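# Summary of the model geometry
Here's the letter readout for the chains.
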Amino acid sequence: MVFRLLLFFLIIFIIEVYAFQAVKTFTKVKWVLLTYSAISLAVIFFIAYQFTQFDRSVGQTKMTMITMGLLLLVLIPKIIITIILLLEDIFRVFSGIVNRFSKPTNGDSFLPDRRKFISQIALGLAAIPFTSLIYGMTFGKYNYKVITQQIFFPDLPDAFDGFKITQISDVHSGSFDNPEKINYAIDLVNEQNSDMILFTGDIVNTHAKEMLPWIATFNRIKAHKYGKFSVLGNHDYGEYVDWKSEKDKEANFHAIKDLYGKIGFDLMLNEHKFITKGGDKIALVGVENWGRHFKKAGDLNKASEGLDPKDFKVLMSHDPSHWDAEVNTHPQNFNLMLSGHTHGLQFGIEIPGYLKWSPAQYVYDQWAGLYEKAGKFIYVNRGFGYHAYPGRVGIMPEITVIELKKGKSLV
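Summarised in this report is the structure supplied together with it. None of the values given here were measured: they were computed from a predicted structure.

Moving on, we get to the sheet that holds strand β12 (residues 369-373). If you walk across this open sheet you meet the six strands as β6-β7-β8-β9-β13-β12, and the pairing is mixed. Of all the strands in the sheet, the pair left with one neighbour each is β6 (271-277) and β12. Each strand of the sheet is rotated relative to its neighbour by a mean of 20 degrees, with strand direction disregarded. Taken together, the three bridges between strand β8 (residues 313-316) and strand β9 (residues 336-339) define a ladder with parallel strand orientation. In the strand pairing of β9, L315 is matched with M337.

Rendered as structure tokens:
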């Protein structure tokens, strides 16, 4: 533990030294250098102090999110600067060795001077994530996008051709700080006029009380003709804090399950129900959370007991890792799975039709949008809210509208 702590501080020291070198190469004005040093030192001490104040019995708070945002805001740009100047130093050492052997009598310094334009490039590149992270914390976290997706199924019952489902996921109500923006998002949900709305889990960060100020707001989600349904996410189980007793944890869990009903959603706990339309039917299946790295309470067998493998099924399962782990090979044949959980890591680059990247893809094979295997589909919602980092960069909060279509898959 001591070695890891020393290693951590050594890395931070190296990053700070290189960042200071970039600033020093760019300007020699003393008051600028002193101001930069004072601010950097103050930020380091603030972040370190806040980490010592983290209370496992409380969990995430507004202050912990501010601290995380500040950490990313100063660390990522400085890491970029460090990488660029470190590469320059490798080049400088190599050049020094070559010069020493080619000109052994030369009285010049072994290392060539650091080049100002390299530092300017480093500072310029570092400014990109710096400004992006600021944008993400001020505007990006509430920059809601309505994403529409048609999905074609040859075995879709005829009456459900054109059936529209609105999906929201990962509300994380304990993170909200702007009622006007949340009301705007609810207006967007209502404007879609879908046939049914599905909520795929994580109504809070940890505690049921986080949602209490927002119940009236989410009750504004209008009734949908074919219902409002939900499942639980990993954060709904209260697993990420230390409780005084199991009784307190269980009481919080029951209160969280009640929250879904208080905003008009039917919570599905490893069960299914048929949605009927024009003489046809589809099965809506809802399981508790099943995660590769998180709680495994979802039970596909129980949820689909009594169904026919030929029934058309829409499955709600919070964590997309469930799809490859169990859903794809399950004999019940789940046509479409709707998930959330990843948030697209709230950071990435998306240019529709050209580029889709996030660090989330190195953890989850299905992390945002639509995926298909052997005629079966999963859609991963990018999340309604935010968690840990109080912002979104490139991966915006999402309201999904899925239209079921009869026909051959175009994916």
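Resuming the write-up.
Relative to the 33 Å expected for 23 residues at 1.5 Å per residue, helix α4 (residues 116-138) spans 33 Å between its end C-alpha atoms, a close match to the ideal helical length. Looking at α4, one finds that the buried residues are I118, S119, A122, A126, P129, L133, G136 and M137. Among the structural elements, α1 (2-26) and α3 (62-102) are those in contact with the buried residues of α4.

Considering soluble globular proteins, one finds that nonpolar side chains tend to be buried as a cluster. Ranked by size, the top nonpolar core spans 33 residues in total, and within it F176, I203, M211, F218 and F384 carry the most contacts. Elements that contribute at least two residues to this core include exactly α5 (179-191), β3 (196-199), α6 (215-218) and α7 (246-262). Element by element, the count of residues in this core is highest for α5, at five residues. Once you skip the residues sitting within four places of it in the chain, F176 turns out to touch K62, Y142, Y144, V171, I182, W214, F218, F384, G385 and Y386. Counting 26 residues, the second largest nonpolar core, distinct from the first, contains F153, A159, V231 and L404.

Turning next to α7. Since the α-helix turns once every 3.6 residues, residues separated by three or four places project in the same direction. End to end, α7 covers 24 Å across 17 residues, agreeing with the expected 24 Å (1.5 Å per residue, within 8%). Every buried residue of α7 is accounted for by K249, N252, F253, I256, L259 and Y260. Axial view of α7: buried residues confined to an arc of 105 degrees, hence all on one face. On its buried face, α7 is in contact with β3, α6, β4 (228-230) and β5 (266-267). Backbone geometry just after α7 places G264 at a positive phi near 85 degrees.

The two faces of β9 match: L336 and L338 on one face and M337 and S339 on the other face are all buried. Handedness of the crossover joining β8 and β9 through helix α9 (residues 321-327): right-handed. Bridge analysis of β9 against strand β13 (residues 376-380) gives four bridges, and the strand direction is parallel. Looking across to β13, one finds that L338 is bridged to Y379.

Let us now look at unusual backbone geometry. Phi is positive for H172, which is not a glycine, with a value near 50 degrees. Take H172: it is sitting in the loop between β2 (163-168) and α5. Overall, H172 belongs to the buried group, its relative accessible area being 1%. The phi angle at H343 is positive, at roughly 60 degrees, despite the residue not being glycine. Positionally, H343 belongs in the loop between β9 and β10 (349-351).

Let's shift gears to the pattern of salt bridges. Applying the stated rule across the entire model yields twelve salt bridges. Two residues, D89 and R92, come together in a salt bridge whose shortest N-O distance is 2.7 Å. Taken together, the positions of D89 and R92, both in helix α3 and three residues apart, correspond to about one turn of that helix. Overall, R92 belongs to the buried group, its relative accessible area being 12%.

In this section: the packing of aromatic side chains. With the rule as written, the count across this model stands at 18 aromatic pairs. Ring geometry for Y240 against F294: centres 6.3 Å apart, planes inclined by 85 degrees, an arrangement best described as edge-to-face. Residue Y240 is located in the loop between β4 and α7, and its partner F294 is located in the loop between β7 (280-286) and α8 (300-303); the two are separated by 54 residues in the primary sequence. For Y240, a relative accessible area of 26% corresponds to the partly exposed category. The lysine or arginine in question, K281, covers the ring of F274, its NZ or CZ lying 4.1 Å from the ring centre. Against the face of Y364 rests R292, its NZ or CZ located 5.6 Å from the ring centre.

Conventions adopted
Residue numbers here run from 1 along each chain, matching the order of that chain's written sequence. This being a predicted model, a pLDDT of at least 70 is required before a residue's local features are given, and a value of 80 or more before pairs of side-chain atoms are given or counted; all residues contribute to the totals for chains, interfaces and linings. Water and hydrogen atoms play no part in the side-chain values, which are based on all heavy atoms of the structure. Note on pairing: DSSP must find at least two bridges between two strands before they are called paired. For helices the rule is a DSSP run of H or I covering at least 4 residues; for strands it is a run of E covering at least 2, with both sets numbered from the N terminus onward. Note on geometry: axes are C-alpha line fits, over the in-contact stretch for helices, and angles between N-to-C directions span 0 to 180 degrees. Under the convention used throughout, the expected extent of a helix is 1.5 Å for every residue step, that is, one less than its residue count. The rule is simple: take the accessible area with a 1.4 Å probe, protein chains only, and divide by the maximum for that residue type; under 20% is buried, over 50% is exposed, in between is partly exposed. Note on contacts: a residue pair qualifies if any of its non-hydrogen atoms lie within 4.5 Å across the two residues. Nonpolar cores are built from buried Ala, Val, Leu, Ile, Met, Phe, Trp, Tyr and Cys residues. Side-chain atoms within 4.5 Å join them into one set. Throughout, the arc means that of the directions going from the helix axis to the C-beta atoms. When the strands point away from the viewer, a crossover counts as right-handed if the path from the first strand over the helix to the second runs clockwise. The term salt bridge refers to a side-chain nitrogen of Lys or Arg lying within 4 Å of a carboxyl oxygen of Asp or Glu. Pairs were defined over the aromatic rings of Phe, Tyr and Trp, the Trp ring being its six-membered one, requiring ring centres within 6.5 Å. Orientation was assigned from the angle between planes: stacked under 30 degrees, edge-to-face over 60, tilted for the rest. Two conditions define a charge sitting above a ring: the NZ of Lys or the CZ of Arg must be within 6 Å of the ring centre, and it must be within 35 degrees of the ring normal.

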